[in-house]
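Per-entry structural report
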There are 2 protein chains.
Amino acid sequence: MIDNSFLISCDWGTSAFRLRLLQGKDSPTIVAERCSPRGILTFPAGDADEFQDYLILELDRLFRAAKLSREPFPVYLSGMITSTLGWKELPYADLPYPLEGTRAVLAYTLLQRVYGTHELVFISGVRSKEDVLRGEETELIGILREPTLRKWVSSCVAVLPGTHSKVIEILDKTILNFRTYLTGELFDVLLQNSILKHSVQPEPNAGEAGLEFFDTGARRAASEGLLDSLFTVRTNVVLKGLPRDVNTLYLSGLVIGTEVHSILKRFPAPTPILLGGKASLQSLYARAFRALGETSRVHAVPEEVTSIAAALGHWGLRPLVEQDPFRSAS
Amino acid sequence: MIDNSFLISCDWGTSAFRLRLLQGKDSPTIVAERCSPRGILTFPAGDADEFQDYLILELDRLFRAAKLSREPFPVYLSGMITSTLGWKELPYADLPYPLEGTRAVLAYTLLQRVYGTHELVFISGVRSKEDVLRGEETELIGILREPTLRKWVSSCVAVLPGTHSKVIEILDKTILNFRTYLTGELFDVLLQNSILKHSVQPEPNAGEAGLEFFDTGARRAASEGLLDSLFTVRTNVVLKGLPRDVNTLYLSGLVIGTEVHSILKRFPAPTPILLGGKASLQSLYARAFRALGETSRVHAVPEEVTSIAAALGHWGLRPLVEQDPFRSAS
């Protein structure tokens, strides 16, 4: 009999792999974790054996980190791992998507090990007519479980910044719609691959004073538009002698400010805005909201929640999985 | 005595080099030309000797192409060759900039050859408070000289598409202001360096039917914004099965449509819109204007003018240069 106070959470995204051993009753404690940059793009697309081998390796390391003997606890997996490029492609769940996860598409397989058999629970993404989520829906399930956040998440616009920022419209604990902004990726390709790379510095260290230029960028993008403004990153240096590290923050302000401006146009007050993301990015987004005149309805999710949101979501899906009549079918 | 019915025009940009031997009285004929991809970025930044050696090489080739003996005709140079990264950095001319070129900053040097001494005439760019032109001002001088275009260029918004598209406000034959859009470069970096590269095909060959998706992209960007729309390039393929070559045109529509939408917002009717650029790009821009409902005030500059606009501009500057009291000073 497996000790069902344990669960293994695997958040396997495009560029990161995160494995956690959770234990608890209502809410979980993280007993041990393993994080690596082995996102799915570092594997041959769709090669199940490679993904499985890596998971086995990391499971062993996880138990070693936990100083526990290995046990066949169930492993919940979400993120890009269920995409075309991942281990097991799952069809998307449709909208509206209740944040109890009742419409999640689940798939089960077994992973045999000498010490027993792990049940693998793959969790689908969600699609709208023209956009897709892969993992963020599970993170929101996790965030919604936090008592202090519940009233914010129940009905709000959730902004989850990242390489592909997701802006998700939630009404009555249900995802109604969402949109992906290429914000983080656009910043990266401009920084690394465009003529603007000569005018910026990849790791800015400009301090608080430099952040004023982030605000300037955000406001400029909001009033003039992004494409109209990008060349000013070059002329800031050529004509105005702005230091390149400060100028990186200006470019960041242009790009993030464009997204934030779009969010504010699409979702006027009083819709609450729930802001997730890792701490550094979250603080820039919060700053952009302030620069564009919006503070009172923006609520930041604490880092201790955002950093483990997927794991909390997996924990939240457990009752559903345990009662799933299709569970034994695979 | 140099035969002053001849002039050599050198349009030396970021990624292209164009040398032309012109002959004429009021308007010139192109006797011979040499074009190469040796834009200034293919030389060590600011290395005068390297630029000079290459010019000498190409001058010899130009006379060979013309089947003429070599003569020390004056060489007019404009474009990025007068930037920090070029041969001879010149300060920018200021706005307003009359399209007779009377405020152009000119600099002279001599190029000694066995058959005589070429006078080199370097022509500056133009700056506003926050933007720069390098060469486009000279092209406009050339375009303005064409009798059939004069009434269009005298007062209009000139749109010169390219890697860095320039949108130039002209009133009474004078540049009042301008703005650079990173349109072409943004398209390239997204095509080559972003996740979208998996959803497009670099050399689309989708024909007329595919161009409908260019229009769709242009309209989508105009209504939803560019950053909000880029991810649909991916979902077009993942969710809708759109072929990748057609999808390239959609991405092109998104990016060009964003610029065109911005131009229409900034310059409402009845301001005439003069459209330059090389033929393929010009036809996409014209299409974007149509897709966004604007046709009657858009006038396309014929390719026989756009392709030699810089040379026409050099020819137009000749009287000014020949009367310049500072000419002998250098």
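Bear in mind the structure is a predicted one, so any value in this text is a computation, not a measurement. (Residues numbered from 1 in each chain as written. Chains lettered and ligands numbered in written order. Predicted model: local features only at pLDDT ≥ 70, side-chain atom pairs only at ≥ 80, totals over all residues. Heavy atoms only, no water.)

**Considering the overall build of chain A**
- Of regular secondary structure, chain A possesses 10 helices and 15 strands.
- Against the globule reference of 20 Å for 330 residues, chain A gives a C-alpha radius of gyration of 21 Å, in line with a compact fold.
- In terms of overall dimensions, chain A has a C-alpha envelope of 70 × 40 × 35 Å along the principal axes.
- Within the span of chain A, comprising 330 residues, buried residues form 57% of the whole. (Helix = DSSP H or I, 4+ residues; strand = E, 2+ residues; numbered from the N terminus. Rg over C-alpha atoms; globule rule 2.2 N^0.38 Å. Buried < 20%, exposed > 50% of the residue type's maximum accessible area, 1.4 Å probe, protein only.)

**Considering the relation of the copies chain B and chain A**
- With an axial shift of 0.1 Å and an RMSD of 0.1 Å, the rotation relating chain B to chain A amounts to 180 degrees. What the superposition gives is, in effect, a two-fold axis relating one chain to the other. For chain B, the residue whose C-alpha comes nearest the rotation axis is Val189 of chain B, separated from it by 3.3 Å.
- A shared interface surface links the copies, since 100% of the contact residues of chain B are contact residues in chain A too. (Least-squares fit on C-alpha atoms with pLDDT ≥ 70 in both. Contact = heavy atoms within 4.5 Å.)

**Structural notes on the nonpolar core**
- Leu251 of chain A together with Leu251 of chain B are the most contacted members of the largest nonpolar core, which has 81 residues in total.
- With residues up to four places along the chain from it excluded, the contact list for Leu251 of chain B reads Phe187, Leu190, Leu191, Leu196, Val200, Leu230 and Val233 of chain B.
- Core analysis: the next-biggest nonpolar cluster, separate from the first, contains 37 residues, Leu149, Leu160, Ile168 and Ile308 of chain B among them. (Core = buried A, V, L, I, M, F, W, Y, C linked by side-chain atoms within 4.5 Å.)

**So, the environment of Ser307 of chain A**
- As for its placement among the helices and strands, Ser307 of chain A is situated in the loop between α9 (303-306) and α10 (309-322).
- For the pair formed by Ser307 of chain A and Glu139 of chain A, sequence separation is 168 residues and the distance between their alpha carbons is 9.6 Å.

**Notes on the pattern of salt bridges**
- One pass over the structure, following the stated rule, counts 24 salt bridges over all chains.
- The residue Arg287 of chain B makes a salt bridge to Asp215 of chain B at a minimum N-O spacing of 2.9 Å. Remark: Asp215 of chain B occurs in helix α5 (residues 207-224) and Arg287 of chain B occurs in helix α8 (residues 279-291); sequence separation between them is 72 residues. The pair formed by Arg287 of chain B and Asp215 of chain B is uniform in burial state, with each residue classed as buried.
- Connected through shared salt-bridge partners, Arg34, Glu58 and Arg61 of chain A make up one network. (Salt bridge = Lys/Arg side-chain N within 4 Å of Asp/Glu carboxyl O.)

**Comments concerning the interface of chain B and chain A**
- Each partner contributes residues to the interface: chain B has 40 residues there, and chain A has 40 residues.
- Taken over both partners, the interface formed by chain B and chain A buries close to 3400 Å², and the fraction arising from carbon and sulfur atoms is 64%.
- At the boundary of chain B and chain A, one finds six salt bridges.
- Notably, a salt bridge pairs Asp228 of chain B with Arg179 of chain A, separated by 3.2 Å at the nearest N-O pair. (Buried area = accessible area lost by both parts, 1.4 Å probe.)

**Comments concerning the sheet that holds strand β11 (residues 156-160) of chain A**
All names here are of chain A.
- With respect to topology, six strands assemble into an open sheet ordered β6-β13-β12-β11-β14-β15, the strand pairing being mixed. The sheet is open, and its two edges are formed by β6 (97-98) and β15 (298-300), each paired on a single side.
- With two bridges joining them, β6 and strand β13 (residues 174-181) adopt antiparallel strand pairing. Bridged to Pro98 within β13 is Thr174.
- Lying over the sheet, helix α7 (residues 244-266) contacts β11, β12 (165-171), β13 and β14 (273-275), oriented at roughly 145 degrees with respect to β13.
- The strands touched by helix α8 (residues 279-291) are β11, β12, β14 and β15; relative to β14, the strand with the most contacts, the crossing angle is about 150 degrees. (Pairing = 2+ DSSP bridges. Axes fitted to C-alpha atoms, helices over the stretch in contact; angles between N-to-C directions.)

**Thoughts on the confidence of the model for chain A**
- Per-residue pLDDT for chain A has a mean of 93; in total, 98% of the residues score no lower than 70.
- Within chain A, no element has a lower average pLDDT than helix α3 (residues 150-154) of chain A, which sits at 86, and none a higher one than strand β4 (residues 75-78) of chain A, at 98. (pLDDT = per-residue confidence, 0-100.)

**What about helix α1 (residues 48-66) of chain B?**
All names here are of chain B.
- For α1, spanning 19 residues, the distance from its first C-alpha to its last is 27 Å, which sits close to the expected 27 Å at 1.5 Å a residue.
- If you check which residues of α1 are buried, you get Phe51, Tyr54, Leu55, Ile56, Glu58, Leu59, Asp60, Leu62, Phe63 and Ala66.
- Buried-residue contacts for α1 involve β1 (6-12), β2 (17-24), β3 (28-36), β4 (75-78), β6 (106-113) and β7 (116-123).
- Lys67, located one to two residues past α1, shows a positive phi value of around 55 degrees. (Expected span 1.5 Å × (residues − 1).)

**Looking at helix α3 (residues 147-154) of chain B**
- For α3 of chain B, the complete set of buried residues consists of Leu149, Trp152, Val153 and Ser154 of chain B.
- Here the buried face of α3 of chain B lies against α2 (136-145), β10 (156-160), β11 (165-171), β13 (273-275), β14 (298-300) and α9 (303-306) of chain B.

**What about the domain arrangement of chain A?**
- Each assigned domain of chain A is listed here: domain 1 (6-149 + 309-329) and domain 2 (181-300).
- When each unit is reduced to the centre of its C-alpha atoms, the spacing between domain 1 of chain A and domain 2 of chain A is 33 Å. (Domains from an automatic or database assignment.)

**With respect to empty space enclosed by the protein**
- Under the criterion given, the structure shown has one cavity of 30 Å³ or more.
- The volume enclosed by the largest cavity comes to roughly 40 Å³.
- Forming the walls of the largest cavity are Thr14, Leu41, Met80 and Leu85 of chain A together with Ile195, His198 and Arg234 of chain B. (1 Å grid on protein atoms, 1.4 Å probe; cavity = no way out; pocket = protein on both sides within 12 Å on 5 of 7 lines; lining within 4 Å. Points joined across faces, edges and corners; volume = space filled by probe spheres on them.)

**With respect to unusual backbone geometry**
- In this chain, Ala269 of chain A is followed by Pro270 of chain A through a cis amide linkage whose omega measures 10 degrees.
- For Lys67 of chain B, which is not a glycine, the phi torsion comes out positive at approximately 55 degrees.
- Mapped onto the fold, Lys67 of chain B is located in the loop between α1 and β4.
- The exposure class of Lys67 of chain B is exposed, given its relative accessible area of 76%.

**Description of the packing of aromatic side chains**
- Scanning the entire structure with this criterion turns up 24 aromatic pairs over all chains.
- Arranged with centres 4.8 Å apart and planes meeting at 35 degrees, the rings of Phe43 of chain A and Phe51 of chain A form a pair that is tilted.
- The exposure class assigned to Phe43 of chain A is buried, which follows from its relative accessible area of 8%.
- Pairing Phe17 of chain B with Tyr54 of chain B gives two aromatic rings, centres 5.0 Å apart and planes at 75 degrees, and the pair type is edge-to-face. Taken together, the residues span a long stretch of sequence, with Phe17 of chain B in strand β2 and Tyr54 of chain B in helix α1 at a distance of 37 residues. Here Phe17 of chain B matches Tyr54 of chain B in class, with each residue buried. (Phe/Tyr/Trp six-rings, centres within 6.5 Å; stacked < 30°, edge-to-face > 60°.)

**Focus: the packing of α7 of chain A against α8 of chain A**
All names here are of chain A.
- Interhelical geometry of α7 versus α8 gives an angle of 65 degrees and a closest axis separation of 9 Å. Considering only the axes of α7 and α8, their crossing is right-handed. Residue-level inspection shows Ser252, Ile256, Glu259, Val260, Ile263 and Leu264 of α7 in contact with α8, the latter providing Leu284, Tyr285, Ala288 and Phe289.
- When grouped by side-chain class, the residues that make up the contact of α7 with α8 number eight nonpolar, one polar and one charged. (Left-handed = near helix turned anticlockwise from the far one by under 90°. Nonpolar A, V, L, I, M, F, W, Y, C, P; charged D, E, K, R; others polar.)

**Things to note about the sheet that holds β10 of chain B**
Residue and element names in this part refer to chain B.
- Strand order in the open sheet made by the six strands is β5-β12-β11-β10-β13-β14, with mixed pairing throughout. Each edge of the open sheet is held by one strand with a lone partner, namely β5 (97-98) and β14.
- Sheet topology places β13 next to β14; three bridges connect them, and they run parallel. Residue pairing for β14: Leu275 is matched across the bridge by Ala300.

**So, the packing of helix α5 (residues 207-224) of chain A against α7 of chain A**
Residues and elements named next belong to chain A.
- Running from N to C, α5 and α7 point in directions that differ by 40 degrees, and their axes come no closer than 6 Å. Classified by the interaxial angle, the pair formed by α5 and α7 is oblique. For α5 against α7, the interelement crossing comes out right-handed. The segment α5 lies against α7, with Gly210, Leu211, Phe213, Phe214, Thr216, Gly217, Ala218, Arg220, Ala221 and Ala222 engaging Val246, Leu249, Tyr250, Ser252, Gly253, Leu254, Ile256, Gly257, Thr258 and His261.
- Of the residues assigned to the contact of α5 with α7, the class counts are 11 nonpolar, eight polar and one charged. (Parallel < 35°, antiparallel > 145°, perpendicular 65-115°, else oblique.)

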